[in-house]
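The residues making up each chain are set out below.
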Amino acid sequence: MSHADSPKGDVRRGACILAMETSCDETAVAIFKDGRLVASEVASQIAIHSEFGGVVPEVASRNHLRALRPTLDRTLRSAGLVLREIDAIAATNGPGLATSLMLGMSMAKGLAVALKKPFIAVNHMEGHLLSPFMNDPSGPCDSVGLVVSGGHTLLVRVLGIGRYQMLGKTVDDAAGEAFDKVGKLLGLPYPGGPRVAALAEHGNASRFELPRSMLHSGDYQFSFSGLKTAVRYLLPKHDPVPVADICASFQEAVVDVLVEKTMRAVRLSEVRTLALSGGVSCNVRLRECFQKACSDAGVRLLLAPHALCTDNAAMIAYVAFLHLRDGAAGDLAADVCPNLAAMNWLCRESKLTPAG
Ligand code: KG4
Ligand code: ZN
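Residues numbered from 1 in each chain as written. Chains lettered and ligands numbered in written order. Predicted model: local features only at pLDDT ≥ 70, side-chain atom pairs only at ≥ 80, totals over all residues. Heavy atoms only, no water.

Draft legend 1. Expanded view of the overall build of the protein chain. Helix and strand counts for the protein chain come out as 11 helices and 10 strands. Taking 2.2 N^0.38 as the reference for a compact globule, 356 residues should give roughly 21 Å; the C-alpha atoms of the protein chain span a radius of gyration of 20 Å, in line with that estimate. Principal axes of the C-alpha set define a box for the protein chain whose edges measure 65 × 45 × 30 Å. Across the protein chain, the fraction of contacts at a sequence separation of at least 24, relative to all contacts at a separation of at least 6, is 74%. Surface summary for the protein chain: the accessible area is close to 14,500 Å², and the carbon and sulfur share equals 53%. Here the protein chain holds 36 positive side-chain charges and 35 negative ones, and the gap between their average locations is 3 Å. (Helix = DSSP H or I, 4+ residues; strand = E, 2+ residues; numbered from the N terminus. Rg over C-alpha atoms; globule rule 2.2 N^0.38 Å. Contact = heavy atoms within 4.5 Å. Areas by Shrake-Rupley, 256 points an atom, 1.4 Å probe, with all protein chains shown as cover. Lys, Arg positive; Asp, Glu negative; His and termini not counted. Charge placed at Lys NZ, Arg CZ, Asp CG, Glu CD.)

Draft legend 2. Layout of the coordination of the zinc ion (ligand 2). The protein atoms that coordinate the zinc ion (ligand 2) are His124 (NE2), His128 (NE2) and Asp311 (OD), at distances of 2.0 to 2.1 Å. Given four donor atoms and angles of 94 to 135 degrees at the metal, the environment of the zinc ion (ligand 2) is assigned as tetrahedral. (Donors = N, O, S within 2.8 Å, 3.2 Å for Na, K, Ca; no water. Tetrahedral: all angles 85-135°; square planar, octahedral: opposite > 155°, others 65-115°.)

Draft legend 3. Summary view of the pairing of strand β8 (residues 163–169). With six bridges joining them, strand β7 (residues 153–160) and β8 adopt antiparallel strand pairing. Directly across from Gly160, in β8, lies its bridge partner Arg163. (Pairing = 2+ DSSP bridges.)

Draft legend 4. Layout of the site of ligand 1. Near ligand 1 lie 20 residues; those nearest to it are Gly150, Asp180, Gly279, Asn283 and Asp311. At 2.7 Å from an oxygen atom of ligand 1 is found a main-chain nitrogen or oxygen belonging to Gly150. A distance of 3.2 Å is found between an oxygen atom of ligand 1 and a backbone nitrogen or oxygen belonging to Gly151. Protein chains shield 87% of the accessible area of ligand 1, which is 550 Å² for the free molecule. A class-by-class count of the residues in the shell around ligand 1 yields seven nonpolar, 11 polar and two charged. Counting only domains with at least three residues in the shell around ligand 1, you end up with domain 1 (17–132 + 309–350) and domain 2 (140–304). (Near = heavy atom within 4 Å. Polar contact = N/O pair within 3.5 Å; in protein donor to acceptor, adjacent residues only side chain to side chain. Nonpolar A, V, L, I, M, F, W, Y, C, P; charged D, E, K, R; others polar. Domains from an automatic or database assignment.)

Draft legend 5. Representation of the domain arrangement of the protein chain. Examined at the domain level, the protein chain breaks down into domain 1 (17–132 + 309–350) and domain 2 (140–304). Spacing between the C-alpha centres of domain 1 and domain 2 amounts to 26 Å. The interface of domain 1 with domain 2 comprises 26 residues on the first partner and 28 residues on the second. At the boundary of domain 1 with domain 2, total buried surface from both sides reaches about 2,300 Å², with 75% on carbon and sulfur atoms. Considering only the surface of domain 1 that becomes buried against domain 2, Leu129, Pro132 and Cys309 emerge as the three largest contributors, covering 29% of it. At the boundary of domain 1 and domain 2, one finds zero salt bridges. Linking domain 1 to domain 2 there are four residue pairs in polar contact (both at pLDDT 80 or more). Contributing elements (two or more residues each) for the side of domain 1 that touches domain 2: α1 (46–50), α4 (124–130), α10 (314–325) and α11 (342–350). (Buried area = accessible area lost by both parts, 1.4 Å probe. Salt bridge = Lys/Arg side-chain N within 4 Å of Asp/Glu carboxyl O.)

Draft legend 6. The nonpolar core, seen in detail. Ranked by internal contacts, the top residues of the largest apolar core, which has 48 residues, are Leu210, Phe250, Leu258, Leu274, Leu286 and Phe290. Elements represented by at least two residues in this core include exactly β6 (143–148), α5 (175–185), α6 (192–200), α7 (225–234), α8 (243–269), β9 (273–277) and α9 (284–297). Judged by nonpolar contacts, the second largest core, of 37 residues, contains Ile120, Met125, Val147 and Val156. (Core = buried A, V, L, I, M, F, W, Y, C linked by side-chain atoms within 4.5 Å. Buried < 20%, exposed > 50% of the residue type's maximum accessible area, 1.4 Å probe, protein only.)

Draft legend 7. Local environment of the packing of aromatic side chains. Scanning the model with the defined rule gives four aromatic pairs in all. Arranged with centres 5.0 Å apart and planes meeting at 80 degrees, the rings of Phe179 and Phe250 form a pair that is edge-to-face. Taken together, the positions of Phe179 in helix α5 and Phe250 in helix α8 put the pair 71 residues apart, joining distant regions of the chain. The exposure class assigned to Phe179 is buried, which follows from its relative accessible area of 3%. Chaining the aromatic ring pairs together yields one cluster made of Phe32, Tyr318 and Phe321. (Phe/Tyr/Trp six-rings, centres within 6.5 Å; stacked < 30°, edge-to-face > 60°.)

Draft legend 8. Structural view of the pairing of β6. In terms of burial, β6 is a largely internal element, six of the six residues being buried. Pairing between β6 and β7: six bridges, direction antiparallel. Looking at the pairing, Val147 lines up with Leu154 of β7. Taken together, β6 and the strand that follows it, β7, pair antiparallel across an intervening segment of four residues. Pairing between β6 and β9: four bridges, direction parallel. Each residue of the ladder has a partner; that of Val147, found in β9, is Ser277.

Right, dumping it as structure tokens:
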């Protein structure tokens, strides 16, 4: 966000920012105005991809192309605004599916050029990371953030806007990916996460002793692929398969590791705020356990509302708003970065010092 090759718009508190998010299978547009969210629309492709058991990149981009314009129109209508009232345009530039990212970025850049307004590229993971602060008038503060999504599991020390320190991440599957893979093993439709969680409500979480990988590894890394494999080995041993008990036992193992390691990071960082985000943060059991752990530790837990935990453009508009308010200039030269590795994007864009 450093090139000054696109105009600097009015990015004071009253600025109106339009954002697009097309990194995976949700086409999303949102508007942030007067420092608050005024419209957020998501056209979900879940029903389309569940037919294939997962996201098909080519299908995703064709559907973004179809959905972007109507979603943009719906968002403007819902905000009661017209395009010439927008002061800046933002879009997710990575990480995500290349051809999907390209669609949101191209449309956003096209609008920025036509309207002569600044274009801001936003990292999807920074969007998730800061989303719990959106409803907090004081905004991002010294805290620990846990991002648990379908593609990432990141434990991050937030020092301020754009100032992050990576504490740990998954060495294999992301937490959401593990939920989805276990769902698939159990024959549940994509995405498995919400279905595994719903079945777990009726199951016995202590029936199966499943591995808590890297719980005592002495660092902040995570691993969930061994847990998924343990579930796979369990299946042939039972007929009928005790689906609810397996879901509950699996969920408990994921939650145990996430809560334990995150709270250790909170304690050692001596911060008073924990921000939980990403699709898996919709999980009721995970929320419950973090609520209890934070209340015991006297730590403030910030959670985004459910609709803002999974992919959305509100979090992208919010991050663009924060950076613009801090003086960032537009950057029409910003490119799509599908592999914007979690570690590197923070280092490159946000002066991260990897934890030693
Ligand atoms: O953040 P998100 O929408 O997309 C990515 O950026 O990856 O997260 C989607 C992930 C999926 O893996 C989905 O199964 C998971 O979040 N998820 C859940 C729940 N709701 C969504 N996992 C567990 N329990 C849930 N209730
Ligand atoms: Zn996401």
